[in-house]
Amino acid sequence: MKIIAGNWKMNGSVGALGEMTGRLAAVKTKNKVILCVPYTMLGVKSNKVVNIGAQDISVHNRGAYTGEVSGAMLAEMGVKYVLVGHSERRMYHDETNDIVRAKAERALENGITPIICVGETLDEKRAGKTLKIIETEVRESVPEEVRGNIIVAYEPRWAIGAGLTPTAQEIADAHKSIADTLSYMGLDGTPILYGASVNENNVGDIVSIKNVSGVLVGVASLKSDEFIPIIKNAK
Ligand code: 13P
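Just so we're clear, the structure is a prediction, and the values are computed from it rather than from any experiment. (Residues numbered from 1 in each chain as written. Predicted model: local features only at pLDDT ≥ 70, side-chain atom pairs only at ≥ 80, totals over all residues. Heavy atoms only, no water.)

### Structural notes on the sheet that holds strand β4 (residues 81-84)
Stated formally: Strands are labelled as partners when DSSP assigns at least two bridges between them. What counts as a helix is a DSSP run of H or I of at least four residues, what counts as a strand is a run of E of at least two, and both are numbered from the N terminus. Fitted lines through C-alpha atoms give the axes, limited to the stretch in contact for helices. The angle between two N-to-C directions lies from 0 to 180 degrees. Note on contacts: a residue pair is in contact if any heavy atoms of the two residues lie within 4.5 Å.
If you trace the eight strands from one edge of the open sheet to the other, you get β3-β2-β1-β8-β7-β6-β5-β4, paired in parallel fashion. In this open sheet, the two strands that pair with only one neighbour each are β3 (50-53) and β4. Going across the sheet, the axis of each strand differs from the next one's by a mean of 25 degrees, ignoring polarity. Pairing between strand β1 (residues 3-7) and strand β2 (residues 32-36): five bridges, direction parallel. When the bridges of β2 are listed, Gly 6 appears paired with Leu 35. The strands touched by helix α7 (residues 168-184) within the sheet are β5 (113-118), β6 (151-154) and β7 (192-195), with β7 carrying the most contacts at an inclination of about 150 degrees. Where helix α9 (residues 224-233) meets the sheet, its contacts fall on β1, β2 and β8 (214-217), and the angle it forms with β1 comes to roughly 160 degrees.

### A word on the nonpolar core
Keep this limit in mind: Definition of nonpolar core: a set of buried residues of the types Ala, Val, Leu, Ile, Met, Phe, Trp, Tyr and Cys, connected through side-chain atoms within 4.5 Å. A 1.4 Å probe rolled over the protein chains alone gives each residue an accessible area, and that area as a share of the maximum for its type sets the label: buried under 20%, exposed over 50%, partly exposed in between.
Grouped together as the largest cluster of nonpolar side chains are 61 residues, with contacts concentrated most on Leu 24, Leu 35, Leu 74, Ile 178, Tyr 194, Val 215 and Phe 227. Take this core: its biggest share by element is five residues, from α7. Setting aside anything within four residues of it in sequence, one finds Ile 178 in contact with Val 118, Ile 134, Val 138, Val 152, Tyr 154 and Ile 192. In terms of nonpolar packing, the next biggest core, distinct from the first, is built from twelve residues, Ala 5, Cys 36, Leu 83 and Leu 216 among them.

### Let's talk about empty space enclosed by the protein
The gaps of empty space that remain are located by a probe, the size of a water molecule, rolled over the atoms. Definition in use: Buriedness for pockets is judged along seven lines, at least five of which must meet protein on both sides within 12 Å for an open set on the 1 Å grid over protein atoms alone, while cavities are sets there where a 1.4 Å probe fits but cannot get out, and lining residues have an atom within 4 Å of a point. Grid points are joined across faces, edges and corners, and a volume is the space filled by probe spheres set on the points.
Counting across every chain of the model gives one cavity of 30 Å³ or more. In this structure, the largest cavity occupies an estimated 30 Å³ of space. Every residue along the wall of the largest cavity is listed here: Gly 85, Ser 87, Arg 90, Cys 117, Val 118, Gly 119, Glu 155 and Arg 157. Contributing elements (two or more residues each) for the lining of the largest cavity: α3 (87-92) and β5.

### Description of α9
Owing to its 3.6 residues per turn, the α-helix brings residues three or four apart onto one side. Every buried residue belonging to α9 is among Ser 224, Phe 227, Ile 228, Pro 229, Ile 230 and Ile 231, and all of these are buried. Packed against the buried residues of α9 are β1, α1 (14-25), β2, α8 (203-207) and β8.

### Remarks on the pairing of β4
In β4, alternate side chains face the same way, and those of Tyr 81 and Leu 83 on one face and Val 82 and Val 84 on the other are all buried. By the bridge criterion, four bridges tie β4 to β5 in an arrangement that is parallel. Looking across to β5, one finds that Leu 83 is bridged to Ile 115.

### Here we look at the site of the ligand
Counted only if it meets this: Being near a molecule or strand, for a residue, means having at least one of its heavy atoms within 4 Å of it. What qualifies as a polar contact is a pair of N or O atoms within 3.5 Å, subject to a donor-acceptor requirement within protein and to the restriction that residues adjacent in sequence count only when both atoms come from side chains. Values of accessible area rely on a 1.4 Å probe in the Shrake-Rupley scheme; residue burial ignores everything except the protein chains shown. Throughout, a molecule is located in a cavity or pocket provided that more than half of its atoms lie within 2 Å of its grid points.
Taken together, the residues surrounding the ligand are Asn 7, Lys 9, His 86, Glu 155, Ile 160, Gly 161, Ala 196, Ser 197, Leu 216, Val 217, Gly 218 and Val 219. His 86 places a polar side-chain atom, nitrogen or oxygen, 2.9 Å from an oxygen atom of the ligand. A distance of 2.9 Å separates an oxygen atom of the ligand from a polar backbone atom of Gly 218. In the complex, 97% of the free accessible area of the ligand, which totals 310 Å², lies under the protein chains. The pocket occupied by the ligand, as judged from atoms lying within 2 Å of grid points, is the second largest pocket.

Structural data, given as structure tokens:
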């Protein structure tokens, strides 16, 4: 069983998601499928194949925080998964590891599985700092006490939306480093997803790499003609 998560980012519509979930309902798969969508689409129901998840969660529980959505509000919508610390949140909204960890804590408190994203920039990669960066991000972004389930996603920032992927060896090294760090934190067995430029042609090879539990898919999760073959080819 692999985990195939899609991230719609700020794309799609209620209608498009309804069509997607309808098509996914007919897919025969043992994989766990998650689609993380904008808040406005969370009313679209999950079904036996796909779980609808969110892309962000507030660090606050309630109160005067205009525009924020709390963990309790997500739970009320039936949300079981939420992305935290996606590189686009870290980059455009200055989310630090401390903020990401607080968000993951709020998710866990509300019975929601956080998908905690980590990954290096191109400059960090060029400087040979990839493993150091992702180890620090995991140590500082994952809550110390995990009551419930977490998922970690490794997304090399330079490869997102770029049609680029690291080599199999680079993915293996990154995932081993994350698995070792999680093990040190007492979190053996935490699923670790790979994300960035995943498509129906490369997904089979990627999920066969050691310590890769599944994938986090951006643009190729938007169209059922691309997303369904990814689900089928991930084994
Ligand atoms: P792409 O699959 O479009 O590269 O996006 C990856 C991503 O950011 C998923 O969260």
